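Per-entry structural report
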Amino acid sequence: MAAVGSSTAEKYEIPTIKSKDKMESADDTSRGETTDTESSEPEIATNKKALWIASFVMLIAAIENTVVGMSEWPYMNQIDKEADAQFFGAATAASKLFHAVSALVFAVWCHRYQTFQIPLIAGRLIAFGACLLYLCVEMFTDGRRYVMAFCYILFGVASSSSTILRAYVAAISTHADRPLAYSGLQAATMLSIIIGPIIQAVFSAIEYPGYQLIHNVKFHIYSAPVWVAAGTNFISIAVIRFALKELPRRAKKEMKKNQSFFTITGVRARIEKVSHMEINWRIVVLCWLQKMNATLSVVTLTTMTSVILMTNYGLSGNKTVIAMSLTMLVVGLFAVGITALYFFCHLGRHLQQRYAFLFGLIIFMSMYFFTYPWPQVSNPVPLYNATADVGCNPEAYSWCDTSYAPAFPLLLAVIAVVMGIGIPLSNVALDAIYSKMLGSINQSVMQGAMIVAEDVILILGPIYSSGMYTYYGFESLWMWNGIIVAIGSVLWVAHLRRLAQYS
């Protein structure tokens, strides 16, 4: 692609650098140094049109993830009886592992070749391929769980391309508007939680096995939303290609200074560059740890909720999908309300983000307390029904005879509050603090590092949660998660004073 001139830079609301002094200041900034010239530069205005477009691209990708995620375990359990909770956890972990690796690849790709469009389009093409394979999974006569696991991996790779949008919105927004900018991406994700269940509800009457379109390619409650998701990829590609504008490219002379990331010399150069950055590494590490802490609850809910509903409450696959759809619909309504307060009412300017994140952690802790299966107010888990393959199977879970389940409406209500209020509140707050702390440096790689910190839990979390649930039950999983969130809360409180300048 040709270099972008000054007129194009003005179109994107990114200032051009004309004087020799400013060119030197820009070089210093690329090394992570802060100069007097840079500090005297007026901050550019936030490009709200570009924020809307980036949020829409995120929305399309998130809808696909939502509609697939709601029926993953019920569908796998339906078509391959050899699949169990631990395999499902391992498959989810594999998806997140490839997501983490791919996030770094997309971040380096974006940074090295100065393009957002091409990586984003590549991600949508991979997602389309994953949808096609998912829809054809029943064409395989054996080992369908492994085919589905491979689909999860492809979906993980595809969704990782959207992570570079974090760097994109950081580049087109001011520090003061950073909570607004990230709330747009968060709103897109949460809006998908409304749209996804609606799509699922439209097809809820088509029970499995549904209608056969061609040989073992069927249209039913589990596959119908994926047909819709496959088509949305082309809408996303069109928006990326024709509406999402690239940022001005760096000069070729500057690019030659940046050696390949995959060489020893290049790695050394980047280590030296990072060491000269004026970054508060203590807060960086704190943000990474808190992202992992908050993500643990998200992983537990997204991985285990469907398993818990079918095992601890005896729901069928169809009823599980419907129950999760209704719950996620409420989650989306709550979440959109929270993110709308950031986006339209500028909540980030009135509420200190360090306290907003702490409040999110308190909500997480409340979930583990109020939905813990206290024997006095809970019910024994239902006996296993071999015909319907629901209920607690003592051959798979040794704790069936002694375990309890909290009231079903209470569990779903608390999950709705946690995912609809706690998660968006904590995510927007932590993203805003992290981005403000990084300042005006190119944030592509550091935002990629934040994604990797999150993916550590996204990878290990499903294995931990499914293993803890399988061997020790719902009670132990909830107890240890509550303890971990409590420790993270204490650590955050200990740094409240240091976080004041970034709130």
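You'll find the protein entered in an unreviewed UniProt entry as Major facilitator superfamily (MFS) profile domain-containing protein, with Caenorhabditis brenneri given as the organism. Among the UniProt annotations of the protein, the heading Subcellular location (unreviewed entry) holds the following wording: "Membrane".

**Points about the overall build of the protein**
The helix and strand tally for the protein stands at 20 helices and 4 strands. Looking at the protein as a whole, 56% of its 503 residues are labelled buried. In the protein, of all internal contacts separated by at least 6 residues, the share reaching a separation of at least 24 is 81%. Counting only carbon and sulfur atoms, one obtains 65% of the accessible surface of the protein, whose full area is about 21900 Å².

**Looking at the pattern of salt bridges**
Side chains carrying opposite charge are able to pair once their charged atoms draw close together. In the structure shown here, the tally under the stated rule is 7 salt bridges. Aspartate 389 is paired through a salt bridge with lysine 81; the nearest N and O atoms lie 3.4 Å apart. Placement of aspartate 389 in the loop between β3 (379–380) and β4 (404–405) and of lysine 81 in the loop between α5 (72–79) and α6 (85–113) is noted, with a sequence separation of 308 residues between them. Given the relative accessible area of 52%, lysine 81 is considered exposed. Among the charged side chains, a salt-bridge network with shared partners connects Asp80, Glu82 and Arg145.

**Quick notes on the side chain of serine 162**
Its place among the elements puts serine 162 in the loop between α8 (144–160) and α9 (164–171). A relative accessible area of 5% means that serine 162 is categorised as buried. Beyond its immediate chain neighbours, meaning those up to four positions away, serine 162 contacts Met58, Ala61, Leu120 and Arg124.

**Focus: the nonpolar core**
Soluble globular proteins tend to bury their nonpolar side chains together. The biggest cluster of nonpolar side chains holds 131 residues, and the ones touching the most others in it are Tyr134, Tyr469 and Trp492. Of all the elements, helix α18 (residues 408–438) adds the most residues to this core, at 17 residues. Structurally, this core is a two-domain feature, drawing no fewer than three residues from each of domain 1 (45–262) and domain 2 (278–502). Once you skip the residues sitting within four places of it in the chain, tyrosine 469 turns out to touch Met304, Val307, Ile308, Thr311, Asn312, Tyr397, Trp399, Phe474 and Leu477.

**Digging into the packing of α5 against α8**
One can describe the packing of α5 onto α8 by two numbers: an axis separation of 9 Å at closest approach and a directional angle of 155°. If you check the angle between α5 and α8, you find them roughly antiparallel. Along this stretch, α5 crosses α8, giving a crossing that reads as right-handed. Of the residues in α8, those in contact with Glu72, Tyr75, Met76 and Ile79 of α5 are Arg144, Arg145, Met148 and Tyr152. The class makeup of the residues in the contact of α5 with α8 is 5 nonpolar, no polar and 3 charged.

**As for the packing of aromatic side chains**
Enumeration over the complete set of coordinates arrives at 22 aromatic pairs. Relative to tyrosine 469, the ring of tryptophan 399 lies with its centre 5.2 Å away and its plane at 75°, an arrangement referred to as edge-to-face. Of the two residues, tryptophan 399 is situated in the loop between β3 and β4 and tyrosine 469 in helix α19 (residues 444–494); the sequence distance between them amounts to 70 residues. With respect to class, tryptophan 399 is no different from tyrosine 469; both count as buried. Grouping aromatic residues by their ring pairs yields a cluster made of Tyr75, Tyr134, Phe155, Tyr208 and Tyr222.

**Some remarks on the environment of leucine 51**
Here leucine 51 is to be found in helix α4 (residues 48–69). Along the backbone, leucine 51 and serine 173 are 122 residues apart, and their C-alpha atoms lie at a distance of 8.3 Å. Excluding residues within four positions of it along the chain, leucine 51 makes contact with Thr46, Val169, Ile172, Leu180 and Ala181.

**So, a nonpolar patch on the surface**
Together, Leu97, Phe98, Val101 and Val105 make up an exposed nonpolar region whose accessible area comes to about 340 Å². Tracing the backbone through its elements, the reader meets leucine 97 in helix α6.

**Points about the confidence of the model for the protein**
Looking at the protein as a whole, the pLDDT averages 82, with 85% of positions reaching at least 70. Summarising per-element confidence for the protein, the mean pLDDT is lowest in helix α1 (residues 6–11) (34) and highest in helix α7 (residues 117–135) (95). This model gives residues 1–41 a pLDDT under 50, and the stretch forms 56 contacts once residues within four places in sequence are excluded.

**Observations concerning unusual backbone geometry**
In this structure, the amide linkage connecting tyrosine 208 to the following residue, proline 209, adopts the cis form with an omega of 15°. Residues other than glycine seldom take positive phi values, yet asparagine 216 does so here, at roughly 60°. On the secondary structure map, asparagine 216 appears in the loop between β1 (211–214) and β2 (217–219). Its identity as a non-glycine residue notwithstanding, aspartate 389 has a phi of 55°, on the positive side.

Conventions we followed
- Residues numbered from 1 in each chain as written.
- Predicted model: local features only at pLDDT ≥ 70, side-chain atom pairs only at ≥ 80, totals over all residues.
- Heavy atoms only, no water.
- UniProt positions renumbered as here; feature names shortened; annotations may be inferred.
- Helix = DSSP H or I, 4+ residues; strand = E, 2+ residues; numbered from the N terminus.
- Buried < 20%, exposed > 50% of the residue type's maximum accessible area, 1.4 Å probe, protein only.
- Contact = heavy atoms within 4.5 Å.
- Areas by Shrake-Rupley, 256 points an atom, 1.4 Å probe, with all protein chains shown as cover.
- Salt bridge = Lys/Arg side-chain N within 4 Å of Asp/Glu carboxyl O.
- Core = buried A, V, L, I, M, F, W, Y, C linked by side-chain atoms within 4.5 Å.
- Domains from an automatic or database assignment.
- Axes fitted to C-alpha atoms, helices over the stretch in contact; angles between N-to-C directions.
- Parallel < 35°, antiparallel > 145°, perpendicular 65-115°, else oblique.
- Left-handed = near helix turned anticlockwise from the far one by under 90°.
- Nonpolar A, V, L, I, M, F, W, Y, C, P; charged D, E, K, R; others polar.
- Phe/Tyr/Trp six-rings, centres within 6.5 Å; stacked < 30°, edge-to-face > 60°.
- Patch = residues over 30% accessible without salt bridge, like charges linked within 9 Å, V, L, I, M, F, W, Y side chains within 5 Å.
- pLDDT = per-residue confidence, 0-100.

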